[in-house]
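Here are the chains, one letter per residue:
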Amino acid sequence: PDILIPTLFGPGWEDAIEPARALSLFALLAPLVSTAPVYIAARRTDLLLKFTTVRTVITVGALFAAAHVSLTTVCRVESLAAAVFVPINVALAARITGLRARAVLSTLSVPIVGLTAFVATAIGARHLFETVIGAPGLVSLIGILTPSVIATGVAVHAMKPHLIGEIRSIVSESFGTR
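The sections below set out a description of the structure shown in this document. (Residues numbered from 1 in each chain as written. Predicted model: local features only at pLDDT ≥ 70, side-chain atom pairs only at ≥ 80, totals over all residues. Heavy atoms only, no water.)

### Considering the environment of Ala81
Then comes step 1: For Ala81, the location among the structural elements is in helix 5 (residues 71-97).
Then comes step 2: Residue class for Ala81 comes out buried when judged on its relative accessible area of 12%.
Then comes step 3: For the pair Ala81 and Val60, spaced 21 residues apart in sequence, the C-alpha to C-alpha distance is 9.7 Å. (Helix = DSSP H or I, 4+ residues; strand = E, 2+ residues; numbered from the N terminus. Buried < 20%, exposed > 50% of the residue type's maximum accessible area, 1.4 Å probe, protein only.)

The structure is reproduced here in structure tokens:
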């Protein structure tokens, strides 16, 4: 967010950097929060209702308390709630579908490795473009994102070589170029 927000929105948005940074963990975990279709498919809407109720009551209570401190604190609490409830949610979803934890972790390993490659490359590229080269905001942003996306693709391809071919096939079919 340090480069992205000022580059996209201008210098008047610098106060949004800390809240955006505090929300980054939530952004990473958000796709794993919503597993309602799994509960519905397994005909366990009762468990979905119980889990969602507990998560909502605890999260809303914590957010209410955080709102009296600062926006950044609210964002941190949202990220913390995701960090607490996502593993529980994934464990419940695995249990009701009969999947073993190893199968779930195996499925999650590809995005985790891809994300790790992205973050590691972005940190290195940021240091290079901002500190060593001294490039302006947009150039730094492009210089950071480009190798990070490439590193993600390489990491994912190294783990699951067939996945890139499947993605190409889906994209080709979606745009009618097949």
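### Concerning the nonpolar core
Then comes step 1: Counting eight residues, the largest nonpolar core is built from Tyr39, Leu47, Leu48, Phe51, Ala81, Phe85, Leu92 and Ile96.
Then comes step 2: Taken together, the elements giving at least two residues each to this core come down to helix 4 (45-67) and helix 5.
Then comes step 3: For this core, the element with the most residues is helix 5, which contributes four residues.
Then comes step 4: Leave out the neighbours within four places in its chain, and Leu92 touches Tyr39, Leu47 and Phe51.
Then comes step 5: Formed by seven residues, the second largest nonpolar core is a distinct cluster that contains Leu29, Val86, Val90 and Ala94. (Core = buried A, V, L, I, M, F, W, Y, C linked by side-chain atoms within 4.5 Å. Contact = heavy atoms within 4.5 Å.)

### Comments concerning the pattern of salt bridges
Then comes step 1: Going through the model one piece at a time under the given rule, you end up with three salt bridges.
Then comes step 2: Linking Arg21 and Glu18 is a salt bridge whose minimum nitrogen-to-oxygen distance equals 2.4 Å. Here the residue Arg21 and the residue Glu18 both occupy positions in helix 2 (residues 17-33), the gap between them amounting to three residues, near one helical turn.
Then comes step 3: Here Arg21 falls in the partly exposed class, since its relative accessible area comes to 35%.
Then comes step 4: The partner of Glu18 in a salt bridge is Arg76, and the shortest N-O contact between them spans 3.9 Å. Here the residue Glu18 occupies a position in helix 2, and Arg76 occupies one in helix 5, the gap between them amounting to 58 residues.
Then comes step 5: What makes Glu18 partly exposed here is its relative accessible area of 35%.
Then comes step 6: One network of salt bridges, in which partners are shared, links Glu18, Arg21 and Arg76. (Salt bridge = Lys/Arg side-chain N within 4 Å of Asp/Glu carboxyl O.)

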